[in-house]
Amino acid sequence: MTAFSVLLPVYAGDEPEFFARALASISTDQILRPNEIVIVRDGPVPPALEEVIAHASDGSAVGDIPVTLVRINRNRGLAAALELGLEACRYEIVARADADDISVPHRFSRQLPVIAGDAPGEPDGCDLVGSAIQEFNDDEHHPGMVRRLPQDGDEIRRVARFRDPFNHPTVVYRKSAVARAGGYQHLSKMEDYWLFARMLQCGARVTNLPDPLVLYRVGSGAYKRRGGVEMLASELALQRAFVRSGFVSHLVGARNVAVRGLYRLVPTGLRQRAYRTMMRLVGKR
């Protein structure tokens, strides 16, 4: 099986308990274990979080999988952290993971054959493979709604003009394809969508698997963080970048600002209901 890295950033705002669970889920819990884990510590972290990082670094928390720790002296944000982490990854294929989500045990055994070209129907492999996610609040054993996204490459390209076509914590990609698109670039809270758009413009071969391969934690205010004036400013910056790059037309950019901008400003409860309704409709296609 093709060797691969897992890239996992962590910062002061992450919960030690959640981070420890995320680490176990990408290492000892996996049917197909990674060849290395790259942890990026984005700035100083509290002692309890530093302790979890230490247990991972010495191999005791990850089943002796080699761990590379990238320490950033001050918090520089997600884009910079991921770029430095990618530089440290030894392998061409890299799986992303977040510090508070949980990868299911068969995640990598499902995604690696697809990206490497070992799966039926994918003889040439892919540059980017995502999957569905399943939400949960506090107990991972009581999961909730499944968020599925388009699987076909052409449909992904169509949908990407209007919404993010990948669940970032689920993606596995080729380092060379990320580099070809210019890598992660700072665009507050939208770094992943901006990267995926540029990868599509560069002709990346993409797909999503229908299985929910990551359990996504929503109990700590995930829907609240999607709204507010700061998120609206990020949305405006993203749409400007899309128009400048030619990814969308001025008309589509204006439509996105109107629709997605309103979504950012409605009350959290309404935003959550609207998003879940949309995702249920997408899942039925």
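Fair warning: this is a prediction, and the values are worked out from it, not measured in the lab.

**Quick word on the overall build of the protein**
Thinking step 1. Regarding its fold elements, the protein presents 10 helices and nine strands.
Thinking step 2. Split into buried and exposed, the 285 residues of the protein put 53% on the buried side.
Thinking step 3. When contacts within the protein are restricted to residue pairs at least 6 apart in sequence, those whose partners lie at least 24 apart make up 79%.
Thinking step 4. Here the protein has roughly 12400 Å² of accessible surface; of this, 54% comes from carbon and sulfur atoms.

**Focus: empty space enclosed by the protein**
Thinking step 1. Considering all chains together, one arrives at one cavity of 30 Å³ or more under this definition.
Thinking step 2. Looking at the largest cavity, its volume works out to about 40 Å³.
Thinking step 3. Taken together, A22, S25, I26, A97, D98, D101, I102, S103, R107, P169 and V214 make up the full set of residues lining the largest cavity.
Thinking step 4. Per-element tally for the lining of the largest cavity: the top contributor is helix α1 (residues 16-26), with three residues.
Thinking step 5. The class makeup of the residues in the lining of the largest cavity is six nonpolar, two polar and three charged.

**Observations regarding the nonpolar core**
Thinking step 1. If you look at the biggest cluster of nonpolar residues, it comprises 40 residues, and the most contacted ones within it are L7, L128, Y173, M199 and F242.
Thinking step 2. Those elements giving two or more residues to this core turn out to be β2 (36-42), β3 (67-72), α3 (78-88), α6 (175-180), α7 (191-201) and α8 (229-245).
Thinking step 3. Broken down by element, the residue count for this core peaks at seven residues, all from α7.
Thinking step 4. Counting residues in each nonpolar core, the second largest holds 36 residues, with F4, V6, I26 and I37 among its members.

**Describing the packing of α1 against helix α2 (residues 47-57)**
Thinking step 1. Running from N to C, α1 and α2 point in directions that differ by 15 degrees, and their axes come no closer than 9 Å. In this view, α1 runs roughly parallel relative to α2, as classed from their interaxial angle. Where α1 crosses over α2, the two elements pack in a sense that is right-handed. In this structure, α1 uses P16, F19, A20 and L23 to contact α2, whose residues at the interface are A48, L49, V52, I53 and A56.
Thinking step 2. Among the residues forming the contact of α1 with α2, the class breakdown is nine nonpolar, no polar and no charged.

**Observations concerning the packing of aromatic side chains**
What describes a pair of aromatic rings is the distance from one ring centre to the other and the angle between the planes of the rings.
Thinking step 1. According to the stated counting rule, one finds six aromatic pairs in the structure shown.
Thinking step 2. Where W194 meets F242, the ring centres are 6.0 Å apart and the plane angle is 45 degrees; that geometry is what we call tilted. With W194 in helix α7 and F242 in helix α8, this pair connects stretches of sequence that are 48 residues apart.
Thinking step 3. On the accessibility criterion, W194 (11% relative accessible area) is buried.
Thinking step 4. On the basis of relative accessible area, F242 is assigned to the buried category, the value being 0%.
Thinking step 5. Taken together, the ring pairs connect Y193, W194, F242 and F247 into an aromatic cluster.
Thinking step 6. The ring of W194 carries R198 above its face, with NZ or CZ at 4.9 Å from the centroid.
Thinking step 7. If you follow R217 out to its NZ or CZ, it ends over the ring of F18, 3.5 Å from the centre.

**Here we look at unusual backbone geometry**
Most peptide bonds are trans, and most residues other than glycine sit at a negative phi.
Thinking step 1. With a phi angle near 65 degrees, D64 is a residue other than glycine that sits in the positive phi range.
Thinking step 2. Mapped onto the elements, D64 comes out in the loop between α2 and β3.
Thinking step 3. When its relative accessible area of 65% is taken as the criterion, D64 is described as exposed.
Thinking step 4. With phi around 70 degrees, K189 is a residue other than glycine that occupies positive phi space.
Thinking step 5. By the secondary structure assignment, K189 is in the loop between α6 and α7.

**Points about the pattern of salt bridges**
Thinking step 1. One pass over the structure, following the stated rule, counts 13 salt bridges.
Thinking step 2. Here E36 and R90 are joined by a salt bridge, their closest N and O atoms 3.2 Å apart. Here R90 lies in the loop between α3 and β4 (93-96) and E36 lies in strand β2, a separation of 54 residues in the sequence.
Thinking step 3. One salt bridge in this structure joins R260 and E235, with 2.7 Å as the shortest N-O distance. Of this pair, R260 sits in helix α9 (residues 250-265) while E235 sits in helix α8, and the two are 25 residues apart along the sequence.
Thinking step 4. Through salt bridges with shared partners, a single network forms among R21, D29 and E140.

Here is what the cut-offs are and how they apply
- Residues numbered from 1 in each chain as written.
- Predicted model: local features only at pLDDT ≥ 70, side-chain atom pairs only at ≥ 80, totals over all residues.
- Heavy atoms only, no water.
- Helix = DSSP H or I, 4+ residues; strand = E, 2+ residues; numbered from the N terminus.
- Buried < 20%, exposed > 50% of the residue type's maximum accessible area, 1.4 Å probe, protein only.
- Contact = heavy atoms within 4.5 Å.
- Areas by Shrake-Rupley, 256 points an atom, 1.4 Å probe, with all protein chains shown as cover.
- 1 Å grid on protein atoms, 1.4 Å probe; cavity = no way out; pocket = protein on both sides within 12 Å on 5 of 7 lines; lining within 4 Å.
- Points joined across faces, edges and corners; volume = space filled by probe spheres on them.
- Nonpolar A, V, L, I, M, F, W, Y, C, P; charged D, E, K, R; others polar.
- Core = buried A, V, L, I, M, F, W, Y, C linked by side-chain atoms within 4.5 Å.
- Axes fitted to C-alpha atoms, helices over the stretch in contact; angles between N-to-C directions.
- Parallel < 35°, antiparallel > 145°, perpendicular 65-115°, else oblique.
- Left-handed = near helix turned anticlockwise from the far one by under 90°.
- Phe/Tyr/Trp six-rings, centres within 6.5 Å; stacked < 30°, edge-to-face > 60°.
- Lys NZ or Arg CZ within 6 Å of the ring centre and 35° of its normal.
- Salt bridge = Lys/Arg side-chain N within 4 Å of Asp/Glu carboxyl O.

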